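Here are the chains, one letter per residue:
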Amino acid sequence: MAAARFIPEEAEGDAVTDGRVVEAHGSALVVRRAPRERARAAVLVLHGGQENGRRPARPWQPAALRMRPFTGVAASVSSPRDVLVGQVRYRYRGWNDAADPLHDTLRALDELRGLAGDVPVVLVGHSMGGRAALRAAADPAVRGVLALAPWCPPGDPVDGLDGTRILVLHGDRDHTTEPGESAAYVRHAREAGAEAGMVLLRGCDHAMLRRSRDWHRASAAAVRTLLRPERDLDGWAAEACTADGPLLR
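Keep in mind that what you see is a predicted model, and the values were worked out from it rather than measured. (Residues numbered from 1 in each chain as written. Predicted model: local features only at pLDDT ≥ 70, side-chain atom pairs only at ≥ 80, totals over all residues. Heavy atoms only, no water.)

Draft legend 1. Representation of helix H8 (residues 235–242). When H8 is considered as a whole, its buried residues turn out to be Trp236, Ala237, Ala240 and Cys241. Along the long axis of H8, the arc covered by the buried residues comes to 130°, so they all point the same way. Summarising the geometry of H8, the exposed residues directed more than 90 degrees from the buried face are Gly235 and Thr242. Of the surrounding elements, those touching the buried residues of H8 are strand E8 (165–171), helix H6 (179–191), strand E9 (195–201), helix H7 (212–226) and strand E10 (247–248). (Buried < 20%, exposed > 50% of the residue type's maximum accessible area, 1.4 Å probe, protein only. Helix = DSSP H or I, 4+ residues; strand = E, 2+ residues; numbered from the N terminus. Arc of directions from axis to C-beta. Contact = heavy atoms within 4.5 Å.)

Dropping the structure here:
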């Protein structure tokens, strides 16, 4: 892993840190909050993209900006002393035939191991980032995934998910990614041994702007829960993971 360096927060224009941002040249991992003590866990955020596109991904693109509030949510509900909060940096805007964001996510997880050791990881991904997070959930470091309006095309594998917690939030008026495909993914993940559940947010679309507070509150509860893999699920996560189908809220 390239040597990390500290740069001023303003250089990235990021509002979600305790004053410093960890960067590494050429790295797939951007650390938004380094823990004050030895990391015991990490939350990595993955933004969306497009099906195909080889143009470079940039932090000021709408898909990346859309996830800034959720990076803030992750930071606000986790301990600054021992939970690292970061983002996955993509090389390209698109998924492409090579599943490029998945490989970027796996690189970020490897870099995280080099930086913090074998800590449990929660992935929070939107749209294409949700697909990458779900595909990367088989990595042994990943204990849980919060997938926001994920792209779940039929046929995506669910291997290696035994014991992993997967929570999905999807708007019932999403016309960009299909809620029904997310529900099918949750069923398959359960069959593969995951503890999985889904909530449909009434009247919400792909951008997560309608009922944004509800998106943020539900995400906060999910991240809190997923950061405690030793405890039983509670709240909406427990209800969703035992329901026969998606909950409508």
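Continuing now.
Draft legend 2. The packing of aromatic side chains, seen in detail. A full pass over the atoms with the stated rule returns 1 aromatic pair. One Lys or Arg, Arg54, reaches over the ring of Tyr92 and ends 4.9 Å from the middle of that ring. The side chain of Arg131 reaches across the aromatic face of Trp151, ending 4.3 Å from its centre. (Phe/Tyr/Trp six-rings, centres within 6.5 Å; stacked < 30°, edge-to-face > 60°. Lys NZ or Arg CZ within 6 Å of the ring centre and 35° of its normal.)

Draft legend 3. View of the pairing of strand E7 (residues 142–148). Within E7, 6 of the 7 residues are buried, which leaves it mostly tucked inside the rest of the structure. Sheet topology places strand E6 (residues 121–126) next to E7; 6 bridges connect them, and they run parallel. Following the sheet pairing, Val121 is matched in E7 by Val142. Where the polypeptide runs from E6 across helix H5 (residues 128–136) and back to E7, its parallel neighbour, the crossover connection is right-handed. With 5 bridges joining them, E7 and E8 adopt parallel strand pairing. By the bridge assignment for E8, Leu148 is matched with Leu169. (Pairing = 2+ DSSP bridges. Right-handed = clockwise from strand over helix to strand, strands pointing away.)

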